[in-house]
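Take a look at the letters that make up each chain.
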Amino acid sequence: MANYQPQRGTYDAYYEDALNIEKIEGILSSLASVYGYNPIITPMYESTSLFARSAGESSDIVTKEMFNFVDKSGREIALRPELTAGVMRAVVTNKLYATKDLPLKLCYCGPAFRYERPQQGRYRQFTQFGIETVGVNSYLSDVENIMFGYNALQMLGFPHIILKINSIGDEESRNNYRKALKDFFAPKIGCMCDDCKRRFETNPLRILDCKVEEDQEIIKDAPKMSDFLNDFSKEYFNNITTELDNLGVEYELDPTLVRGLDYYSHVVFEYHYISEEGTNLGAIGAGGHYDNLVKEVGGPQLSSVGLAFGVERLNLLLKELSPDTYAKTEIDVYGIAIGEEARVEVYHAMEFLRSNGFACDMSFENKSMGASFKIATRKNAKFALIAGEDEIKNGVFQVKDLKKQEQETVKAEDLAEYLQNKIEF
Ligand code: HAM
């Protein structure tokens, strides 16, 4: 018999994990709507060139991690490695920018795919929840995005977050910086890794992403972006950090933060969390400002800013952080029938209670009372509803509070009201 294994880097989430992922997505999307963001849903695959163009031909995402293929009609297709590029493509395709009400405020949640080496918190299919503000005309939009991420992590229950920020300046600043990096690395590149050699030719900024240990000794002395910011870029970044100070947000200025996608300019940021046990999954969310992406994909020049969280990373850390408040699968009432006639009545009671909003379940099999109570406990039921011949004859049910271990006889017509008073929602 065939024995199918999950694909490398994929995972199955079920029960508590799946519930908690839904809970996280729910908290993030309700906060996004509080901040005035509207949902957008875009396809999971787009033309490969869209991602190559937006993430950057020299980025790891494009050179190593893209899930791309040729479809039956010869089109070059890629599963999206992130959602920003597709959202910007949709903004252009649907001319969403043609409105007097810029900036557009869009939020999304969905799978992304990267052909990475799997490890804890790093998958080949993962979920991103993100926001994008398109057509910004003030540094306050950047602040608002950073604050959204910061407040979202507070709402999710992270006790302390490390917010790293940096400015990679405007085009002019980055060109000057690239030149300085080239001058610095030119005499050393011969003894660096092959990836760095390639990056040196295509985009020397990417050398700073290198994870090869031996190269770090060289990289640590490389020039810093902050020394190459022109006056405009300096002032833009200064406005953002001043406002974060005014809002009492703690952050770390990290001059090495350049991010793995090529579309950024000005402010870039990442949120990290290291658990008491020392678990560090890298960035749990990240984003930044981007000036030319809408134009790159065929629209007008619109400065924008956005960020995305990795939902699985949030889930893994929250599970470790607060296993007690971690979402549980539970029901309000588990129905237990003694005999065939009672089973139908208990089933009717289940449907009646469900129509009143109670979560209910029962078994249609003949099981002993002991076995039925065990199922009720495994399902985390708050109450058991029990009926046999006598109860049916008298139009009543036995209702047992499984926590307090107290049982009462309740008239069929009073069931909903009775449970309403007993169950704390
Ligand atoms: P990113 O930093 O590439 O940014 O990804 C955002 C988040 O997705 C990361 O911080 C991480 O939590 C999660 N993530 C990335 N790769 C994986 C993986 N292989 N497995 C699990 N989680 C992962 C972006 O994608 C940008 N689009 C963010 C953005 C939006 N910038 C502007 N707007």
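Model, not experiment: these values are computed from the prediction. (Residues numbered from 1 in each chain as written. Predicted model: local features only at pLDDT ≥ 70, side-chain atom pairs only at ≥ 80, totals over all residues. Heavy atoms only, no water.)

A. Geometry of the domain arrangement of the protein chain. Considered domain by domain, the protein chain is made up of domain 1 (16–170 + 230–324), domain 2 (172–225) and domain 3 (331–422). With 20 residues of domain 1 in contact, the opposing surface of domain 2 contributes 14 residues. Of the roughly 1300 Å² buried between domain 1 and domain 2, counting both surfaces, carbon and sulfur atoms make up 44%. Of all residues in domain 1, the largest losses of buried area upon contact with domain 2 belong to Ser 58, Asp 170 and Val 258, amounting jointly to 36% of the total for that side. Remark: the boundary between domain 1 and domain 2 carries three salt bridges. The interface formed by domain 1 and domain 2 includes 13 residue pairs in polar contact (both at pLDDT 80 or more). (Domains from an automatic or database assignment. Contact = heavy atoms within 4.5 Å. Buried area = accessible area lost by both parts, 1.4 Å probe. Salt bridge = Lys/Arg side-chain N within 4 Å of Asp/Glu carboxyl O. Polar contact = N/O pair within 3.5 Å; in protein donor to acceptor, adjacent residues only side chain to side chain.)

B. The arrangement of the sheet that holds strand E14 (residues 381–387) in detail. A sheet is described by the order of its strands in space; here five strands give the open sequence E13-E12-E14-E15-E16, paired in mixed fashion. Only two strands of the sheet have a single neighbouring strand rather than two, namely strand E13 (360–362) and strand E16 (406–411). Put simply, the sheet's adjacent strands are angled 25 degrees from each other on average, direction ignored. Two elements, strand E12 (residues 331–337) and E14, share six bridges in a ladder whose sense is parallel. Looking at E14, one finds that Gly 335 is bridged to Leu 385. (Pairing = 2+ DSSP bridges. Helix = DSSP H or I, 4+ residues; strand = E, 2+ residues; numbered from the N terminus. Axes fitted to C-alpha atoms, helices over the stretch in contact; angles between N-to-C directions.)

C. Geometry of the pairing of E14. Counting buried residues along E14, six of its seven residues qualify, which places the element largely inside the surrounding structure. As judged from the four bridges shared by E14 and strand E15 (residues 396–401), these two strands associate in the antiparallel manner. Within the sheet, the bridge partner assigned to Phe 383 lies in E15 and is Asp 401. (Buried < 20%, exposed > 50% of the residue type's maximum accessible area, 1.4 Å probe, protein only.)

D. Broad picture of the environment of Tyr 35. Looking at the secondary structure, you find Tyr 35 in the loop between helix H1 (16–34) and strand E1 (38–39). In the structure, Tyr 35 is positioned 110 residues away from Asn 145 in sequence and 9.4 Å away in space, judged by C-alpha atoms. When residues no more than four places from it in sequence are discounted, the contact partners of Tyr 35 are Lys 105, Glu 144, Met 147, Phe 148 and Asn 151.

E. Structural context of helix H13 (residues 369–378). Ser 372, Phe 373, Ile 375 and Ala 376 are the residues of H13 that are buried. Down the axis of H13, the sector holding all buried residues measures 155 degrees, keeping them to one side. Every exposed residue of H13 that faces more than 90 degrees away from the buried side is listed here: Lys 374, Thr 377 and Arg 378. The inward-facing, buried residues of H13 abut E12, E14 and E15. Following H13 by one or two positions, Asn 380 adopts a phi angle in the positive range, close to 55 degrees. (Arc of directions from axis to C-beta.)

F. Fine view of the packing of helix H2 (residues 48–55) against helix H4 (residues 84–93). For the pair H2 and H4, the least separation of the axes is 9 Å and the interaxial angle reads 110 degrees. In terms of orientation, H2 and H4 fall into the roughly perpendicular class. Across the interface between the two elements, Leu 50, Phe 51 and Ser 54 from H2 touch Ala 85, Gly 86 and Arg 89 from H4. Residues of the contact of H2 with H4, tallied by class, amount to three nonpolar, two polar and one charged. (Parallel < 35°, antiparallel > 145°, perpendicular 65-115°, else oblique. Nonpolar A, V, L, I, M, F, W, Y, C, P; charged D, E, K, R; others polar.)

G. Representation of the nonpolar core within the structure. Residues Met 88, Phe 185, Met 192, Cys 196, Ile 207 and Ile 219 are the most contacted members of the largest nonpolar core, which totals 54 residues. Tallying contributions element by element places H4 first for this core, with six residues. Of the residues that make up this core, three or more belong to each of domain 1 (16–170 + 230–324) and domain 2 (172–225). Ignoring anything within four residues of it in the chain, the contact list for Ile 219 reads Phe 185, Met 192, Ile 207, Leu 208 and Cys 210. Formed by 39 residues, the second largest nonpolar core is a distinct cluster that contains Tyr 236, Phe 237, Phe 269 and Leu 317. (Core = buried A, V, L, I, M, F, W, Y, C linked by side-chain atoms within 4.5 Å.)

H. Molecular detail of the packing of H1 against helix H5 (residues 139–156). Orientation of H1 relative to H5, taken along the N-to-C sense of each, is 140 degrees, at an axis distance of 10 Å. Judged by the inter-axis angle, H1 sits oblique to H5. Handedness of the H1/H5 crossing: right-handed. Contacts between H1 and H5 involve Ile 24, Ile 27, Leu 28, Leu 31 and Ala 32 from the first element and Phe 148, Asn 151, Ala 152, Met 155 and Leu 156 from the second. Along the lines of polarity and charge, the residues of the contact of H1 with H5 split into nine nonpolar, one polar and no charged. (Left-handed = near helix turned anticlockwise from the far one by under 90°.)

I. Region of interest: the environment of Leu 208. Its place among the elements puts Leu 208 in the loop between helix H7 (194–202) and helix H8 (213–219). The buried category is assigned to Leu 208, whose relative accessible area is 17%. The sequence separation of Leu 208 and Ser 29 amounts to 179 residues, and the corresponding C-alpha distance is 34 Å. Ignoring anything within four residues of it in the chain, the contact list for Leu 208 reads Tyr 177, Ile 219, Ala 222 and Val 258.

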